[in-house]
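Residues per chain are reported as follows:
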Amino acid sequence: MTPTRPATAKQAPAKFLTNEHVFLTGATGFVGQAVLERLLSTYPDTRISILVRGKGSQTGEGRLQNLMRKPVFKNWIEKVGEATAMAEVAKRVSVVEGSLGNVGTLPSDIDIVIHGASTVSFDPPIDEAFDTNVGGGLGVYGALLSSGSDPHVVHVSTAYVQGIRKGIAPEASLTHTVDWETEYAAAKSARERVEFESRQPEALREQLAKARARHGKTGPQAVSQFAELARQDWVRERLVDYGRMRAESLGWTDVYTLTKAFSERVAETRWAQAGHRLSIVRPSIIESSLHHPYPGWIDGFKVADPLILAYGRGQLPDFPGLPDSVLDVIPVDYVVNAILAAAATTADPANPKYYHVSSGKTNPLPFHKMHEQVYDYFTANPVPDAKGDIRVPKWRFPGGQRVERELAKRENQADRAERLIYRLPTTPRTRGWLDRVKSGQHELEILRGYTNLYRAYVQTEIIFDDTNTRALNASIPAKLQLDRGFDLTAIDWDDYLQKVHFPAITTLTRAFANRPQAKPKGAQLLPARTDVVAVFDLEGTVLESNLVKQYLQLWSSTVPRAKVAHDLGNFAFSLRRYVMAERRDRGEFIRTFMRRYEGFKVSDIQRQVRGSFGRAMMRRALPEALQRVQEHRAAGHHTILVTGTIDLMVQPFLPYFDEVVAGSMHEVNGVLTGYLADPPLVDEARAAWLRNYAATNDYDLSKSYGYGDSHADLVWLQLVGNPTAVNPDLQLYRHAQEKRWNIVDWKKGATVHPSSAPVVSELPSIPKGSDQGSDAASDRATTSHGV
């Protein structure tokens, strides 16, 4: 249906920029890039100063050079030639090094200001939103007043500053009576108040309890670190909630629109009321270009795009939008043309002008029509996944309350499933179950986030009056309308969405998706170097066994028949105590369990290690682990086996590592007392040992390698640049996924390529029944104190 053209207010014939000096903020942002490109390509006699802050070691000038490599400038550079384009930039564009909060000294000959810099997030922490949007406005207008310039300022805002309301919103100054200065002061102090609140005993006690429950096995310092990270996350979430709720309580959708409204007040009170010219341009939802610099240009995903793409991926089975509400979308080139047309008008200092650059009144796009467009597009162009093409759902628009109830129900089900999985033994199957639950939770988080974020925009009943904007467009000569105009009635939504916008954002998605993926670290050839270590845990990583299995193997070979029933009963009685100790602290478990060795003769253990026990240990060795050890040794890496078990039991592994670090037990007259000679070398103790070892021996941990299977290994694995989780328990598996560590499953009996490592059958033999052997210290593994 062709939209009707509403009556247009009269406007004087358009003027265009000629040789003005334009000061532009937000030049590196989406709209700012497009404005800068338009000035360079279409208004050749203008001079441009851009406010750019340095980033890291890069100066503002360096960022300008990088900016010119962006796709938005491609057509202009190709048209005039790269050399000419760079010469034009050098001649016409000047960088003002500074930020919104510290603009610095501005030139005194500025004719036009286009102030478009702002936060690009709907829900930042309240203090950050106010600092950027309100404090930034204060900084810019303060610097302008100090410069001596008297420019016409075009303040780029958003149509959604009108807040939560119904009906027509006029192109005029906002009518609220909120004291923006009081709100600004409260927002700036919010972080101090929340930081204080987060340090109260009740809050800290809760964070510590959660950290201990999840990370207790990693050690007390790690628990403290995770608790502090959780406190910081809580502070941020609290400040986000502060902003969201304060905005809603004052009648705005979110803290972004609230602070943009206050930013308009800053422009009015600090600039217009001081007798200077001001125009405020309020775009609605800005999306990809219709014509210029080419159809479909977009710089990253914008407001509606994450919602569109999540739908295409099948992640939004339904959505709490009102089917008859208007999704007010505008192409970015229309916004830029309107900004520059407004900048060239003869502004009256006593009467600021307001422009809604929006489509909802003149050429509305109902939300149900937008859904039909997206459904048709992704039905014809489905997004592929591992199982084939994704079929998108047909939304029923059941209403916000029903969607909320269903979402809460699914979230509770997923949380219960996760808790159940963590109670099960760790196997590849349970890790697969956890993956599926986490994937489902991720999709629910997406749905929850989009529901909270977009609810106000897809349930809105506000219509933005565009009388001034249509009059401004009508003043542009007919011959220039296609290039410089912004006639909303000229947009064919079917054509724009199906042929321009949807292909643009899905192409961008594929561009990201088709980037070469890094191979898992374990699959890469190891670089030859001698300044790194490769540290391997024993149980669960190199050996498919644990302390309990090792003890039972030794006990069964040495226990007198008369003590079997007693020892088995005692073991069964103590089992729950061992399990609870293991869950709390790995070191506590080792201390507790190793007491069972009280009374064992050292000579008996040595004999068993040389015989049946040693052979059983090697049968349980993981061939892929030993292969990886050999690969590290072939690359010149110093290989170390580190274990919490005692040195007597790791003798079979001495030939395969450059160094073996194990604990030892106190003995009297060749009999073990059940006490460890040294604290267990686990979790934080192992991390401290590794830091000291690397520093003492000049090894580079940032390039080194670590292999562990337990959550208790987390703290020392984090020290190396190349950590690998081997057959990980669920807690380590979860962390490894979050940090994108390499994750491998090494299985007993797996095939090892004979050209790269010895297979288990080729390991040095341990003679059966041999009683020969030395008790000398040289035959023992290195202890933690011996390193």
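Here is a short report on the structure shown in this document. Here the structure is a predicted model, which means the values were calculated and not measured.

**Section: the overall build of the protein**
- A count of helices and strands for the protein gives 26 helices and 22 strands.
- Here the protein holds 787 residues, and the buried ones make up 51% of them.
- Intrachain contacts of the protein at a sequence separation of at least 6 include 79% that bridge at least 24 residues.
- As displayed, the protein offers around 36,200 Å² of accessible surface, 51% of which is attributable to carbon and sulfur atoms.

**Some details on the nonpolar core**
- Counting residues in each nonpolar core, the largest one holds 95 residues, and the members touching the most others are Val-35, Leu-36, Leu-40, Ile-50, Ile-114 and Ile-339.
- Residues contacting Val-35, with those up to four places away along its chain left out, are Leu-24, Ile-114, Val-336, Ile-339 and Leu-340.

**Digging into unusual backbone geometry**
- A cis amide bond links His-292 to the next residue, Pro-293, at an omega of 0 degrees.
- Note on placement: Pro-293 falls in the loop between β8 (285–287) and α10 (305–312).
- A positive phi angle, near 60 degrees, is found at Asp-698, a position not held by glycine.
- As for its position among the elements, Asp-698 is in the loop between α24 (683–697) and β19 (705–708).
- Unlike most non-glycine residues, Arg-740 shows phi in positive territory, near 60 degrees.
- As for its placement among the helices and strands, Arg-740 is situated in the loop between α26 (730–739) and β21 (742–744).

**Looking at the sheet that holds strand β1 (residues 21–25)**
- Strand order across the open sheet formed by 7 strands is β3-β2-β1-β4-β5-β7-β10, with parallel pairing between neighbours. Each edge of the open sheet is held by one strand with a lone partner, namely β3 (93–97) and β10 (353–357). Averaged over neighbouring strand pairs, the angle between their axes works out to 20 degrees when direction is ignored.
- Its contacts with the sheet place helix α5 (residues 126–147) against β1, β4 (112–115), β5 (152–156) and β7 (278–283), and it is angled at close to 170 degrees to β4.

**What about the packing of aromatic side chains?**
- All told, the structure shown has 22 aromatic pairs when counted by the stated rule.
- On the basis of an interplanar angle of 35 degrees and a centroid distance of 5.1 Å, the ring pair of Phe-30 and Trp-297 is categorised as tilted. Taken as a pair, Phe-30 in helix α1 (residues 30–42) and Trp-297 in the loop between β8 and α10 lie far apart in primary sequence, 267 residues in all.
- Their ring planes at 85 degrees and their centres at 5.4 Å tell us that Tyr-377 and Phe-378 sit as a pair that is edge-to-face. With respect to burial, Tyr-377 and Phe-378 carry one shared label: buried.
- Grouped by ring-pair contacts, the aromatic residues Tyr-551, Phe-589, Phe-593, Tyr-597 and Phe-600 constitute a single cluster.

**Focus on a nonpolar patch on the surface**
- A surface patch of nonpolar side chains, about 260 Å² in accessible area, is lined by Leu-420, Leu-424 and Trp-433.
- Within the fold, Leu-420 resides in helix α13 (residues 400–422).

**What about the environment of Ile-168?**
- Inspection of the secondary structure assignment puts Ile-168 in strand β6 (residues 166–169).
- Under the relative-accessibility criterion, Ile-168 is labelled exposed at 51%.

**Points about the packing of α5 against helix α6 (residues 180–198)**
- Interaxial distance between α5 and α6 falls to 9 Å at its minimum, and their mutual angle equals 135 degrees. Classified by the angle their axes make, α5 and α6 are oblique. The handedness of the crossing between α5 and α6 is left-handed. On α6, the residues touching Ile-126, Asp-127, Glu-128, Phe-130, Asp-131, Val-134, Gly-135 and Leu-138 of α5 are Trp-180, Glu-183, Tyr-184, Ala-187, Lys-188, Ala-190 and Arg-191.

**Section: the side chain of Thr-541**
- Residue position: Thr-541 is located in the loop between β14 (533–537) and α18 (547–558).
- The exposure class assigned to Thr-541 is buried, which follows from its relative accessible area of 0%.
- Within the local environment of Thr-541, its side chain forms a polar contact with the backbone nitrogen of Asp-709, the two atoms lying 3.4 Å apart.
- If we ignore the near neighbours within four places in the chain, the residues touching Thr-541 are Leu-622, Ala-625, Tyr-707, Gly-708, Asp-709, Val-726 and Trp-746.

**Remarks on the packing of helix α8 (residues 220–250) against helix α9 (residues 255–270)**
- The contact between α8 and α9 brings their axes to 8 Å, and the two run at 65 degrees. Considering only the axes of α8 and α9, their crossing is left-handed. Across the interface between the two elements, Gly-243, Ala-247 and Leu-250 from α8 touch Val-255, Leu-258 and Phe-262 from α9.
- Of the residues in the contact of α8 with α9, the class split is 5 nonpolar, 1 polar and no charged.

**Re the side chain of His-152**
- Along the chain, the position of His-152 falls in strand β5.
- Judged by relative accessible area, His-152 falls into the buried class, the value being 0%.
- A distance of 3.1 Å separates a polar atom in the side chain of His-152 from the backbone oxygen of Ala-343.
- Leave out the neighbours within four places in its chain, and His-152 touches Asp-111, Ile-112, Val-113, Arg-277, Leu-278, Ser-279, Ala-342, Ala-343, Thr-345 and Ala-347.

Calculation rules
- Residues numbered from 1 in each chain as written.
- Predicted model: local features only at pLDDT ≥ 70, side-chain atom pairs only at ≥ 80, totals over all residues.
- Heavy atoms only, no water.
- Helix = DSSP H or I, 4+ residues; strand = E, 2+ residues; numbered from the N terminus.
- Buried < 20%, exposed > 50% of the residue type's maximum accessible area, 1.4 Å probe, protein only.
- Contact = heavy atoms within 4.5 Å.
- Areas by Shrake-Rupley, 256 points an atom, 1.4 Å probe, with all protein chains shown as cover.
- Core = buried A, V, L, I, M, F, W, Y, C linked by side-chain atoms within 4.5 Å.
- Pairing = 2+ DSSP bridges.
- Axes fitted to C-alpha atoms, helices over the stretch in contact; angles between N-to-C directions.
- Phe/Tyr/Trp six-rings, centres within 6.5 Å; stacked < 30°, edge-to-face > 60°.
- Patch = residues over 30% accessible without salt bridge, like charges linked within 9 Å, V, L, I, M, F, W, Y side chains within 5 Å.
- Salt bridge = Lys/Arg side-chain N within 4 Å of Asp/Glu carboxyl O.
- Parallel < 35°, antiparallel > 145°, perpendicular 65-115°, else oblique.
- Left-handed = near helix turned anticlockwise from the far one by under 90°.
- Polar contact = N/O pair within 3.5 Å; in protein donor to acceptor, adjacent residues only side chain to side chain.
- Nonpolar A, V, L, I, M, F, W, Y, C, P; charged D, E, K, R; others polar.

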